[in-house]
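# Report on the structure
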Amino acid sequence: QDEFDQIRAAELAEAQRMEEAEKRRADEKERRLQQERQRVANERTLSKKVAARGFAHRYIGDVVSDVFGNLANSGFFYDPLVKEIESDFVPWLLDGVGSSVSGLLEAQALLDNAVVAAVASKDEKAAAAEAERLRREEEARKAAEAAAMPPAESGAEGQEEQTA
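The shown structure was predicted, so the numbers you read here are calculated from the model rather than taken from an experiment. Residue numbers run consecutively from 1 along every chain, following the written order of its sequence. Given that the model is predicted, a residue must reach a pLDDT of at least 70 before its local features are reported, and side-chain atom pairs must reach 80 or more before they are shown or counted; all residues, however, enter totals for whole chains, interfaces and linings. Hydrogens are left out, water is left out, and the side-chain values use all remaining heavy atoms of the structure.

## Things to note about the overall build of the protein
What counts is decided by this rule: Numbered from the N terminus, helices here are DSSP runs of H or I no shorter than four residues, and strands are runs of E no shorter than two. To get the radius of gyration, use the C-alpha atoms; to get the globule rule, take the number of residues to the power 0.38 and multiply by 2.2 Å. Under the scheme applied here, a residue whose accessible area is under 20% of the maximum for its type counts as buried, over 50% as exposed, and between as partly exposed, the area being computed with a 1.4 Å probe on protein chains only. When charges are tallied, Lys and Arg are placed among the positive residues and Asp and Glu among the negative ones, while His and the ends of the chain are skipped. We put the charge of a Lys on NZ, of an Arg on CZ, of an Asp on CG and of a Glu on CD.
Along the backbone of the protein there are three helices and zero strands. In the protein, the succession of α and β elements from N to C terminus is α-α-α. Relative to its length of 164 residues, the protein is extended, with a C-alpha radius of gyration of 63 Å against a globular reference of 15 Å. Overall, the C-alpha framework of the protein stretches about 210 × 35 × 20 Å when taken along its three principal axes. For the protein, the residues scored as buried account for 1% of the 164 residues in total. When the 23 positive and 34 negative side-chain charges of the protein are each reduced to one mean point, those points stand 17 Å apart.

Below, the structure written as structure tokens:
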């Protein structure tokens, strides 16, 4: 009977050991399956996060560039040197150039008036000289006609001119 109890105890111990080994294998298999499911879920979550982040970067990148462009166009961002040049130097330069140009225009107008006056004076002198030349030619022609006429006719002509 002791021998039977020993064999039975040995078989029972062997069965328990085998059951424990089988339970460990089943637990290990379940743990591995659970790890794989967790890994797949993590990969899926990670890929969704990467896709969402990429979309957000593209969308936000466009929005940010549009906002910065609008702000730059409205004059929110400016270069202080360019601002100073545009607000101080350029108006001063334009005032100086404007006064120089107006001085040049006044000088040009005076010069134009002087040239017009000189040309008018020259034309008047030329007209007076031409009138004097014509008057002298007329006197010379009359003197030549008077000299070419016989003396008797010249007296009669002189009397006709006096009566007329």
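## Side note on the packing of aromatic side chains
Note the cut-off: Note on ring pairs: Phe, Tyr and Trp rings are taken, using the six-membered ring of Trp, and paired if centres are within 6.5 Å. Classes follow the plane angle, with under 30 degrees stacked, over 60 edge-to-face and the rest tilted. Counted as over-ring charges are cases with an Arg CZ or a Lys NZ within 6 Å of the ring centre that also lie within 35 degrees of the ring normal.
One pass over the structure, following the stated rule, counts four aromatic pairs. With a centroid separation of 6.2 Å and 15° between ring planes, the pair formed by Phe55 and Tyr59 is classed as stacked. Residue Phe55 and its partner Tyr59 are located together in helix α1 (residues 2-73), separated by four residues, close to a single helical turn. Here the two residues Phe55 and Tyr59 agree in accessibility, since each one is exposed. The rings of Phe68, Phe76 and Phe77 are connected pair by pair, giving a single aromatic cluster. Sitting over the face of the ring of Tyr78, Lys83 holds its NZ or CZ atom 5.7 Å from the ring centroid.

## Notes on a nonpolar patch on the surface
Here is the rule we go by: Residues enter patches when their relative accessible area tops 30% and they take part in no salt bridge; the joining distance is 9 Å for like charges and 5 Å for the nonpolar side chains Val, Leu, Ile, Met, Phe, Trp and Tyr. Residue-level accessible areas treat just the shown protein chains as cover; the underlying method is Shrake-Rupley with a 1.4 Å probe. Between Lys or Arg on one side and Asp or Glu on the other, a salt bridge is scored when a side-chain nitrogen of the former is within 4 Å of a carboxyl oxygen of the latter.
Among the surface-exposed residues, Leu81, Ile85, Phe89, Val90, Trp92, Leu93, Leu94, Val97, Val101 and Leu105 lie close enough to one another that they form a single nonpolar patch of about 940 Å² accessible area. Within the secondary structure layout, Phe89 lies in helix α2 (residues 80-148).

## Observations concerning α1
We apply this condition: Expected span, for any helix, means 1.5 Å times one less than how many residues it has.
Its 72 residues give α1 an end-to-end C-alpha distance of 103 Å, which sits within 8% of 106 Å, the value for a rise of 1.5 Å per residue. In the segment just after α1, Gly75 is the residue with positive phi, at about 90°.

## A few points about the confidence of the model for the protein
Spelled out, the test is: Values of pLDDT, which run from 0 to 100, indicate the predictor's confidence residue by residue.
Per-residue pLDDT for the protein averages 88, and the proportion of residues at 70 or more is 91%. The secondary-structure element of the protein with the lowest mean pLDDT is helix α3 (residues 151-163), recorded at 51, while α2 shows the highest, at 93.

## Re the environment of Leu110
With respect to the secondary-structure elements, Leu110 resides in helix α2. Residue classification places Leu110 among the exposed residues on the basis of a relative accessible area of 60%. Linking Leu110 and Ser74, residues 36 residues apart in sequence, is a C-alpha distance of 47 Å.

## Looking at the pattern of salt bridges
As enumerated under the stated definition, the model contains 14 salt bridges in all. With a shortest N-O distance of 2.7 Å, Glu28 and Arg32 are connected by a salt bridge. With a gap of four residues between them, Glu28 and Arg32 both fall in helix α1, about one helical turn apart. Residue Glu28 is classed as partly exposed on the basis of its relative accessible area, which comes to 29%.

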